[in-house]
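# Architecture at a glance
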Amino acid sequence: MAKENLKKKTISSMLWSACQRFGVLILSFISNLVLARYLTPEDFGAIGMLTIFISLSETFIDSGLGSALIQKKDTTEIDYSTVFWTNLIISIFLYVVLFLFAPLIARFYNMELLTSLLRVKAIVLIIQGFRLIQTTRLQKSLNFKKISLVYLSASLISTIAAIIASILGLGVWALVIKTLLDTSIRTIVFWIIGKWKPLFKFSFKSFKELFSYGGVMLCTSLVISIYSNVQTLIIGKAFSATDLGYYTQAKKLETIPTNAVEQIVNQVTFPVFSRIKDDVEKLKNSLKKIVICISYITFPMMIFFIVAATPIFEFLFTSKWNQSIPYFRYLCLVGMMVSVNTMNTNIIKASGRKKMYFNLQVIKRLIGIVILIISVFFGMAGLLTARVIIEYVFFAINTHATKKIINYSTWEEVKDFLPNYLLSFISGIITYFAFKYVSLPNLALIILEFIVYVVIYLGVSSLLKFKGFTYIFDILKNNLFNRGKNGAE
């Protein structure tokens, strides 16, 4: 019964998390679609230059203690309160640091506007310091329905506000308003529905216990954050704000499928894997099925975006942003492996092997940073090619570690997703050449390419009985059937 209940909770959490991520990203996409017509590449580049400083600060605020609370089985009120006060103090301290160093950061990029932008945008850090525990408690209980509804509501309101601000001519400040309003609404609503209040207590014993796990997560997250944002730092400094703006626009569009699936996988699989971490065989079977299902969805999405990149950009953003198209195609190749890598690292995190997790993340990111720095000498194309290579290197390293934990080798995992990988490329090649010399309006071309691609992909995978098709079809059938049956009763 307990096993069946966990299975139902996992599926429900996946579905609600999917609604949240895709909903939020679609709203963000709509906002970006409108803002791209009112703002310039330089505006997006200016915000992109601040990303590394905000991201690193957000990593410090969590301190890895949120993951420690989720991973710990017998969490107490003292634990939650200790982490809450820790997060809040760190967030205030980091805001003061960024406020004071904002002029130096602006001079580094030779853009004076960044001083005021950073000082206002960084207020989001203090707001997040109040919210993190409320979110963590809901994640730990797999209550993704409430999380999803709050995120969607906040995104809708902040998206409308940003669009209005851009129309009124506020320029780059529309992006700042969106971020602050979104985070503020989430925080307020989570406090209302969370029904949790911190105790005015701080336990050094609790902090030490949680930080023994969370501290490793913090160091790991810092390395990951530096690596993730070093590209924008390099582009903003070595190239220009305009180049960074084109890259940012390509990244935002690629983020819709990639981050949506990654966040669903990350939010749900980590707590689920943590619950079954003592059963090696169950862990392996769970990972195998999720790898097959996620790759069945993610791979074709990314290849289709590559095939239809030109009409998509011209239809959505006008030819003004065409320089983003090659950046976008490279990033889609990177995005194919992101969720697969996330699942493997969550196995390591959930198993509690913090030293292994930390060492792997540090080694991977150091290798990645070195490759990226070298790639700068080959221009933007070299930088983006390096990103593709790095993601596959990460996969090899991650699966080498996974084999030690659950005996799931690199080759075994490759064999599980290889059919989806090959069929995605074959479907893409056929679709590309079928419409290469066809002259149609962009929207009509996108729709026709999509229909042809989906028919080929689903048709072949159904005919050959791909595991991904079978698993997902069974999940949807069972959930729809059970929902209809329960409604009838």
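Residues numbered from 1 in each chain as written. Predicted model: local features only at pLDDT ≥ 70, side-chain atom pairs only at ≥ 80, totals over all residues. Heavy atoms only, no water.

## Brief notes about the overall build of the protein chain
How we decide: In this description a helix means any DSSP run of H or I spanning at least four residues, a strand means any run of E spanning at least two, and both kinds are numbered starting from the N terminus. Each residue is placed in one exposure class: buried if its accessible area under a 1.4 Å probe, protein chains only, is under 20% of its type's maximum, exposed if it is over 50%, and partly exposed if it falls in between. The contact rule is simple, with two residues in contact once any of their heavy atoms fall within 4.5 Å. Using the Shrake-Rupley algorithm and a 1.4 Å probe, accessible areas are obtained, with residue cover drawn only from the displayed protein chains.
Within the protein chain, the regular secondary structure consists of 18 helices and zero strands. Across the 489 residues that make up the protein chain, the buried fraction comes to 53%. A sequence separation of at least 24 residues applies to 84% of the contacts in the protein chain between residues at least 6 apart. Accessible area for the protein chain stands at about 21,700 Å²; split by element, carbon and sulfur atoms hold 69% of it.

## Some points on the pattern of salt bridges
The line we're drawing: Just to be clear on terms, a salt bridge is a Lys or Arg side-chain nitrogen sitting within 4 Å of an Asp or Glu carboxyl oxygen.
Summed over all chains, the structure comprises six salt bridges. Where lysine 288 meets glutamate 412, a salt bridge forms, and the shortest distance between an N and an O atom there is 3.7 Å. With a gap of 124 residues between them, lysine 288 in helix H11 (residues 280–307) and glutamate 412 in helix H16 (residues 410–435) connect regions that are remote in the sequence. Assessed through its relative accessible area of 21%, glutamate 412 is described here as partly exposed. Among the salt bridges present, the one from glutamate 391 reaches arginine 387, with a minimum N-O distance of 3.5 Å. Of the two residues, glutamate 391 and arginine 387 both sit in helix H15 (residues 379–406), four residues apart, roughly one turn of that helix.

## Notes on the packing of aromatic side chains
Put simply, the test is: Stacked, tilted and edge-to-face are the three classes assigned to paired rings of Phe, Tyr and Trp, where Trp is represented by its six-membered ring and a pair needs centres within 6.5 Å; plane angles under 30 degrees give stacked, over 60 edge-to-face, the rest tilted.
Scanning all chains against the criterion turns up 25 aromatic pairs. Pairing phenylalanine 84 with tryptophan 85 gives two aromatic rings, centres 4.9 Å apart and planes at 80°, and the pair type is edge-to-face. On the basis of relative accessibility, which here comes to 3%, the residue phenylalanine 84 falls in the buried class. Ring geometry for tyrosine 296 and tyrosine 457: centres 5.0 Å apart, planes at 45°, overall tilted. Taken together, the residues span a long stretch of sequence, with tyrosine 296 in helix H11 and tyrosine 457 in helix H17 (residues 442–463) at a distance of 161 residues. Given a relative accessible area of 6%, tyrosine 296 falls into the buried group.

## Here we look at the nonpolar core
Filter applied, for reference: In this text, buried Ala, Val, Leu, Ile, Met, Phe, Trp, Tyr and Cys residues form a nonpolar core when linked through side-chain atoms within 4.5 Å.
Within the largest apolar cluster, 103 residues are counted, with the highest numbers of intra-cluster contacts made by Leu253 and Phe417. Ranked by residue count, the leading element in this core is H11, at 14 residues. The residues touching leucine 253, leaving out its near neighbours within four places in the chain, are Phe29, Ile312, Phe313, Leu316, Phe317 and Phe328. Among the nonpolar cores identified, the runner-up in size contains 10 residues, and Val83, Phe84, Leu88 and Ile133 belong to it.

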